[in-house]
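Here are the chains, one letter per residue:
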Number of protein chains: 2
Amino acid sequence: MPTDIVVDAMGSEKAPESEIRGAILACRQLDVRVQLVGPEETLAPALKACLRGQTLPIEIVHASEWISMDDKAAQAVRNKRDSSMRVGLKRVREGKAAGFFTAGNTGAAMATAKMVLGMLSGVHRPALATILPTVTGFPSLLLDVGANVDSDPENLVQFAIMGHMYAQNVLQVTNPRVGLLSIGEEDSKGNSLTRDTLPLMRQLPINFIGNVEGRDLFNADCDVAVCDGFVGNVALKTVEGAAKLFSVMLRQSLKSTVTSQVGALLSRRAFAEFKKSLDYSEYGGAPLLGVQGVCIVGHGSSNERAIMNGIRVAAEFAQAEVNSGIEAVVRAGATTPVS
Amino acid sequence: MPTDIVVDAMGSEKAPESEIRGAILACRQLDVRVQLVGPEETLAPALKACLRGQTLPIEIVHASEWISMDDKAAQAVRNKRDSSMRVGLKRVREGKAAGFFTAGNTGAAMATAKMVLGMLSGVHRPALATILPTVTGFPSLLLDVGANVDSDPENLVQFAIMGHMYAQNVLQVTNPRVGLLSIGEEDSKGNSLTRDTLPLMRQLPINFIGNVEGRDLFNADCDVAVCDGFVGNVALKTVEGAAKLFSVMLRQSLKSTVTSQVGALLSRRAFAEFKKSLDYSEYGGAPLLGVQGVCIVGHGSSNERAIMNGIRVAAEFAQAEVNSGIEAVVRAGATTPVS
């Protein structure tokens, strides 16, 4: 039985082309059916041209508006009542699709998902989780990377539960090691938020391993790292900046001598592979956890491959027992006050 | 006139060898005199062996104790009253040296510097500043990266003043662009701390450019980025982790095919250069700003070259009018209440 995924066809920088081509790729390679949401008059001829007579389970769902990257999230969510995001997420709420993917405005996607889908029972705040590559090749999960600013200890505790469930059921990690992102491993290291959060984390029925540091995100010493959304977003964007710098530096170094020009030519394929493994569009986008449904947010620069991966992740998330698991643990925790 | 720099000879992982060799390199290449602080019975024969009969302006200052990386900072500072850090920093306070460098325990170095040197007039908290590489080759400065947790808006304002002065007078940046590290460029983006800090920053007599993001640290769009010590420390360690991952990944990619093995061989020099430019021990360590004197903290893994660079930075800092400039701006700001 194929999984039905709604895709915001107007999200990415190259919308709707990347979305249409990504949907075609996904329908060819995965057991999914795709609903592309956006203005029918634009999508229908573009889809027809891309399909070139093939028959694939792709349906167009009309939405007259869309939210751009430059739109202010809060305002756009309020004013654009027929946006592709809103229409798409309504399909999930109404049970007409199992999950939603957008490569559009992250702020608007989070706000719309929260509004349209609502929160999971007992969960106070959603968290955006991102997948990071590690030295072993297994990914790690960092959350929250920007769904909130100014979280409290109870929020972080719920993020830990959500991250645990996602890692276990979607990333297929057995007994995931969950850490609290801080500035040293000892319990005494951290700010007032992390110090207040630590004892609450220890009461959770998960494999909590205490404080972890930024470097542990990549060395596979923890599977899930929890932090407040401001810290996570700064860390993520800092790494993106560093990755870009590394690429530039490496290219300059490789060009700097005649010998290494030859070397660069020969190792071009290796370099392309290296760049690909840094490109976490390969991992298919960031799940928004805590909302009542499945919502995956991809990079604005997503190409058709990234869109396909986003659809794959949405389908995997939809098939796993994540959300009911989160509600169960939160409910169990709620019997003993956590703050 | 050579500048006198005190070096904690017992700080680094390979102490005292790295420190002794670094001091020798520094005295050969720079206009400095070095005072090596540590147990005389260890240092004297080791220095003699390394000098091989050369005459260089290196003096040994006896200290019977030293603080290790594993020591708890607060406890070690209290208990080890004759530590090489404390004895060394006293030389600075007494005017017997112009600056201090250690590659030892960062927490202990900061606490000892604060205690022995005291704070600059009007400055409430010290800040540890780190130099980051950028795409243009000019460095940028990030502070605070861990001298404090839980800073308030007034602390961040003072960090901005200190970063401005250091960039202008030591890094020689004309009219440095100072930004507030946040999660978006618009004023509305950020947490309660950054939103409360923004209007205060705008009143400063510096080139404040508003919010900046993590990626701006490396793309040369700002010269100084200010953040609270928890955020800065997490961001820094995350980048360190990512850099290590990139190296591992790149090596794996280069090894993955026969062609690229040849390529890797040929581009070995380029790769070595690339690694070197990522290695910010090249930049000589992190200045602790806000204390009454000059204190530079290097990586524990510092080799002799890194130690020499640390001594160079300490000398440059000592010769620049940084601390008096900080006091002047703080004093001027203090006439109008900033919080």
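These numbers come from a predicted model, not from an experiment. (Residues numbered from 1 in each chain as written. Chains lettered and ligands numbered in written order. Predicted model: local features only at pLDDT ≥ 70, side-chain atom pairs only at ≥ 80, totals over all residues. Heavy atoms only, no water.)

(A) Representation of helix H5 (residues 106-117) of chain B within the structure. Residues and elements named next belong to chain B. Look at H5: 16 Å from first C-alpha to last across 12 residues, which is about the 16 Å you get at 1.5 Å a residue. Close packing links the buried residues of H5 with helix H3 (73-79), helix H4 (84-93), strand S4 (99-102), strand S5 (127-132), strand S10 (286-289) and strand S11 (295-297). Residue asparagine 105 occupies the N-cap position of H5, its side-chain oxygen lying 3.2 Å from the main-chain nitrogen of glycine 107. Two residues or fewer past H5, glycine 118 is found with a positive phi of approximately 80°. (Helix = DSSP H or I, 4+ residues; strand = E, 2+ residues; numbered from the N terminus. Expected span 1.5 Å × (residues − 1). Contact = heavy atoms within 4.5 Å. Polar contact = N/O pair within 3.5 Å; in protein donor to acceptor, adjacent residues only side chain to side chain.)

(B) Up close: the pattern of salt bridges. This structure, assessed with the given rule, holds 24 salt bridges over all chains. Between Arg33(A) and Asp4(A) there is a salt bridge; the shortest N-O distance is 2.8 Å. With Arg33(A) in strand S2 (residues 32-38) and Asp4(A) in strand S1 (residues 3-8), this pair connects stretches of sequence that are 29 residues apart. For Arg33(A), a relative accessible area of 31% gives the class partly exposed. By sharing partners, the salt bridges in this structure join Glu213(A), Arg215(A), Lys237(B) and Glu240(B) into a single network. (Salt bridge = Lys/Arg side-chain N within 4 Å of Asp/Glu carboxyl O. Buried < 20%, exposed > 50% of the residue type's maximum accessible area, 1.4 Å probe, protein only.)

(C) Spotlight on the sheet that holds strand S2 (residues 32-38) of chain B. Residue and element names in this part refer to chain B. Taken together, the 11 strands give an open sheet; going across it, the order is S3-S2-S1-S4-S11-S10-S5-S6-S9-S7-S8, and neighbouring strands pair in mixed fashion. Only two strands of the sheet have a single partner each, and these edge strands are strand S3 (58-62) and strand S8 (207-212). On average, adjacent strands in this sheet sit at an angle of 25° to one another, irrespective of strand direction. With five bridges joining them, S2 and S3 adopt parallel strand pairing. For glutamine 35, the partnering residue across the bridge sits in S3 and is glutamate 59. Taken strand by strand, helix H1 (residues 17-29) contacts strand S1 (3-8), S2 and S3, and its axis lies near 170° from that of S2. Sitting on the sheet, H5 is in contact with S4, S5, S10 and S11, with an inclination near 170° to S11. (Pairing = 2+ DSSP bridges. Axes fitted to C-alpha atoms, helices over the stretch in contact; angles between N-to-C directions.)

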